[in-house]
Amino acid sequence: MKKKFQMFMAMACYAFGIVSSVYVGGWMMLILPVQRLLGAYSAGMLSLSLVIVSAIKIFLSLTVAGFFWCVGYAGYNHFIGTEDPDWEAINQRIANQRDHSGKEHES
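Residues numbered from 1 in each chain as written. Predicted model: local features only at pLDDT ≥ 70, side-chain atom pairs only at ≥ 80, totals over all residues. Heavy atoms only, no water.

Undergrad: Looking at this structure, how should I read the overall build of the protein?
TA: In terms of regular secondary structure, the protein is built from three helices and zero strands. If you list the helices and strands of the protein from N to C, you get α-α-α. Here the C-alpha atoms of the protein give a radius of gyration of 25 Å, more than 25% beyond the 13 Å that 2.2 N^0.38 yields for 107 residues. In terms of principal-axis extent, the alpha carbons of the protein reach across some 90 × 40 × 15 Å. For the protein, long-range pairs separated by at least 24 residues make up 76% of all intrachain contacts whose partners lie at least 6 apart in sequence. Accessible surface, the protein as shown: approximately 8500 Å² in total, 68% of it carbon and sulfur. (Helix = DSSP H or I, 4+ residues; strand = E, 2+ residues; numbered from the N terminus. Rg over C-alpha atoms; globule rule 2.2 N^0.38 Å. Contact = heavy atoms within 4.5 Å. Areas by Shrake-Rupley, 256 points an atom, 1.4 Å probe, with all protein chains shown as cover.)

Undergrad: Just to check I follow, could you spell out the packing of aromatic side chains for this structure?
TA: Aromatic ring pairs are reported here in terms of the distance separating the ring centres and the angle at which the planes meet. Applying the stated criterion across every chain, the model contains five aromatic pairs. Measuring from centroid to centroid gives 5.7 Å for F67 and F68, while their planes differ by 75°, and the two rings are edge-to-face. Using a relative accessible area of 52% as the deciding quantity, one classes F67 as exposed. Taken together, Y14, W69, Y73 and Y76 form an aromatic cluster joined through their ring pairs. (Phe/Tyr/Trp six-rings, centres within 6.5 Å; stacked < 30°, edge-to-face > 60°. Buried < 20%, exposed > 50% of the residue type's maximum accessible area, 1.4 Å probe, protein only.)

Undergrad: Would you mind going over helix α2 (residues 48-80) with me for this structure?
TA: Compared with an ideal rise of 1.5 Å per residue, which puts 33 residues at 48 Å, α2 spans 48 Å between its outermost C-alpha atoms and is within 8% of the ideal. Within α2, the full set of buried residues consists of S54, S61, A65, G72 and G75. Looking at the buried residues of α2, the elements they touch are α1 (2-43). Two residues or fewer past α2, G81 is found with a positive phi of approximately 90°. (Expected span 1.5 Å × (residues − 1).)

Undergrad: Is there a simple way to think about the side chain of S54 in this case?
TA: Positionally, S54 belongs in helix α2. With a relative accessible area of 4%, S54 lands in the buried category.

Undergrad: What am I meant to see in a nonpolar patch on the surface here?
TA: Together, Y23, W27, M28, L30 and I31 line one region of the surface with nonpolar side chains, adding up to about 450 Å² of accessible area. Inspection of the secondary structure puts W27 in helix α1. (Patch = residues over 30% accessible without salt bridge, like charges linked within 9 Å, V, L, I, M, F, W, Y side chains within 5 Å. Salt bridge = Lys/Arg side-chain N within 4 Å of Asp/Glu carboxyl O.)

Keep in mind that these numbers describe shape and distance, not what the molecule does.
What follows is the structure, encoded as structure tokens:
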């Protein structure tokens with residue numbers, strides 16, 4: 001049951017990261033500013049401050065999207081874990097190599 005819960009939480013975190021990155025980075029910071037610029041231009045109400053704020057939002061949209069995706073991915077790794085499944089075998093192999101190299105120097 002614990003494994004299923006961890007898998008559910010991991011997938012929920014990952015889905016949150018993807019959905020929030022698309023919504024915040026893609027929609028709120030990329031598409032909406034472009035729509036507002038086009039709407040203001042059509043209405044003849046385009047101002048320098050609107051252009052500057054929209055340009056900053058558009059410029060930073062991918063950075064913000066990447067941040068939200070990274071937060072979701074970090075949550076995913078927290079619940080799944082990133083430890084190598086053969087970690088103990090790797091440590092044993094390293095210990096054996098140290099033992100063999102130590103015996104060669106003693107002779």
